[in-house]
Amino acid sequence: AMAERCPEGGRDMKAIAGKLADAESLVALKDLMNRLGCENLTTESQVAGLSADVRSSYLMNSQIAGVDEADCILLIGSNPRKESPVLNSRIRKANYEGVQVGIVGEDVDLTFATAHLGDSLASLKDLVSSSKKASSAFAQTFKQAKKPMVIVGPGVLQSADRDVLLNEIHAFVEAAKTVVSQEWNGYNILHDAAARVGALDVGFVPSLRSEEVEKKGKDKAKFVYLLGADDWSEEEVPEGAFVVYQGHHGDLGANRADVVLPGAAFTEKPGLYVNSEGRVQAARRAVPPVGEARDDWKIIRALSEVIGEDATLPYSDLGGVRARLAQVAPHFASVDVAPEQPMWLNGQYFGAFASKVKKDAKAAKKPLRTPIENFYMTDVISRASRAMAKATQARQQGLSA
């Protein structure tokens, strides 16, 4: 199918990884696609295209424990009650101990007192204004804070004008001198999917050329490989493309696919994941795979052997693929160990990032809000769960009562 539909080889191909992809399958698919000449690798949703060059640009640099040290917390485009309830409880604890929490974006109930500063990034100007007359109590607190914590959430990362928004946030962080200092890094990115940081760590991102081609809408992919991807948008999978879906639960990806390769769910295989603060975490098999399902990296390894000698991946066991992970990103060798503070290169990175954003580009005037509509159904597994369906129903009945 690939040879017939892809006369230009890898340039006609594309791979999309889903929210629950483990690091082993991500690096295996990346290696296979690269051997076939394909550099168009993305993660589903508009988070695709984030730079993987500077780790501190996409991690929660303060770490979750850093909430206890922060003396002021600012949420931008984030609703941690839906995106990360454990983090939200930590913030609530800090709030009860006197730490003020400000929100830029949709005004939401986080179960504790917050200061809503505004729906858009325009409200950030007051926080770095040189005027002694701050318009809000939170602005005064933020200016006096020694360890302010800024958390940028999916409401920014998954916005259509993400690059413009991030550029404005970068400028704000640079202007607010105390957000990042020698003793403190308060710049944080909060992700809402288990696979996202791992994908960035292994470089599962499109090349500059592939990204430009995608933006222009030219040379659309004729072969698309979906690795557990079930939340992609229609424009990400061109009409007429030959689609291979590797995954489980038979959601959107399986319905669109020409070929389905049954993969194991995260409960059915060992796998490594990386959380928002950059900590590598190991999942262990709880139950055996159903039917003909196999560990995802094993499927990709077998497929590489079938394609031909030039494509065959050089590892054939779990130890081998994890050694490859450690080769790509050394921190994968340290499982469940507190991550080292990544080197802060964002001063240079922010400047390079700004250069690719059009000078006259402006963000749309709409509230920043979390993309999560239903907390109980955020992925292919929870959408197929009877328990989550009942929880959703109970929540709706509670809201209408």
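A brief report on the enclosed structure follows. Since the structure is predicted, the reported quantities are computational estimates derived from the model, not experimental observations.

### Section: the sheet that holds strand β3 (residues 72-76)
Pairing is parallel across the open sheet formed by five strands, whose spatial order is β5-β4-β3-β6-β7. Looking at strand neighbours, the two that pair on one side only are β5 (115-118) and β7 (187-189), the edges of this open sheet. When strand polarity is set aside, the average angle formed by the axes of neighbouring strands in this sheet is 20 degrees. Pairing analysis gives five bridges linking β3 to strand β4 (residues 100-104), with the strands arranged parallel. Each residue of the ladder has a partner; that of isoleucine 73, found in β4, is valine 101.

### Considering the sheet that holds strand β1 (residues 13-17)
If you trace the five strands from one edge of the open sheet to the other, you get β2-β1-β8-β9-β10, paired in parallel fashion. Of all strands in the sheet, those bounded by a partner on one side alone are β2 (41-43) and β10 (259-262). Between one strand axis and the next, the sheet turns through 15 degrees on average, direction left out of account. Relative to β10, strand β9 (residues 242-247) runs parallel, the two being bridged by four bridges. Of the residues in β10, the one forming a bridge with glutamine 246 is leucine 261. Against the sheet, helix α11 (residues 296-307) makes contact with β8 (223-227), β9 and β10, and its axis sits at roughly 150 degrees relative to β8, the strand it touches most.

### Concerning the packing of helix α2 (residues 23-35) against α11
Two numbers describe a pair of packed helices, the interaxial angle and the distance between the axes. For the pair α2 and α11, the least separation of the axes is 8 Å and the interaxial angle reads 15 degrees. When the axes of α2 and α11 are compared, the pair comes out roughly parallel. α2 and α11 meet at a crossing whose hand is left-handed. Contacts between α2 and α11 involve Glu24, Ser25, Ala28, Leu29 and Leu32 from the former and Asp296, Trp297, Ile300, Leu303, Ser304 and Ile307 from the latter. Residue composition of the contact of α2 with α11, by class: seven nonpolar, two polar and two charged.

### Quick look at the side chain of aspartate 379
Relative to the helices and strands, aspartate 379 is located in the loop between α13 (346-355) and α14 (380-383). Buried charge without a salt bridge: aspartate 379, with arginine 383 as the nearest opposite-charge side chain at an N-O distance of 6.4 Å. Of note is the side chain of aspartate 379, whose polar atom sits 2.9 Å from the backbone nitrogen of isoleucine 381. For aspartate 379, the residues in contact, after removing those within four places along its chain, are Leu20 and Asp231.

### Description of the packing of aromatic side chains
Per the counting criterion, the structure on display carries four aromatic pairs. Residues phenylalanine 142 and phenylalanine 172 carry aromatic rings whose centres are separated by 5.7 Å and whose planes lie at 25 degrees to one another, so their mutual orientation is stacked. With phenylalanine 142 in helix α5 (residues 137-144) and phenylalanine 172 in helix α7 (residues 162-175), this pair connects stretches of sequence that are 30 residues apart. Residue phenylalanine 142 shares its accessibility class with phenylalanine 172, and that shared class is buried. An aromatic cluster is present here, built from Phe138, Phe142 and Phe172 joined pairwise through their rings.

### Some points on the nonpolar core
Core analysis: the biggest nonpolar cluster contains 70 residues, and Leu74, Ile76 and Phe142 have the highest contact counts within it. The leading source of residues in this core is α2, at seven residues. Residue contacts for phenylalanine 142: discarding those within four places in its chain leaves Cys72, Leu74, Leu127, Pro148, Val150, Phe172, Ala176 and Val179.

Thresholds, definitions, all that
Residues numbered from 1 in each chain as written. Predicted model: local features only at pLDDT ≥ 70, side-chain atom pairs only at ≥ 80, totals over all residues. Heavy atoms only, no water. Pairing = 2+ DSSP bridges. Helix = DSSP H or I, 4+ residues; strand = E, 2+ residues; numbered from the N terminus. Axes fitted to C-alpha atoms, helices over the stretch in contact; angles between N-to-C directions. Contact = heavy atoms within 4.5 Å. Parallel < 35°, antiparallel > 145°, perpendicular 65-115°, else oblique. Left-handed = near helix turned anticlockwise from the far one by under 90°. Nonpolar A, V, L, I, M, F, W, Y, C, P; charged D, E, K, R; others polar. Buried < 20%, exposed > 50% of the residue type's maximum accessible area, 1.4 Å probe, protein only. Lys, Arg positive; Asp, Glu negative; His and termini not counted. Salt bridge = Lys/Arg side-chain N within 4 Å of Asp/Glu carboxyl O. Polar contact = N/O pair within 3.5 Å; in protein donor to acceptor, adjacent residues only side chain to side chain. Phe/Tyr/Trp six-rings, centres within 6.5 Å; stacked < 30°, edge-to-face > 60°. Core = buried A, V, L, I, M, F, W, Y, C linked by side-chain atoms within 4.5 Å.

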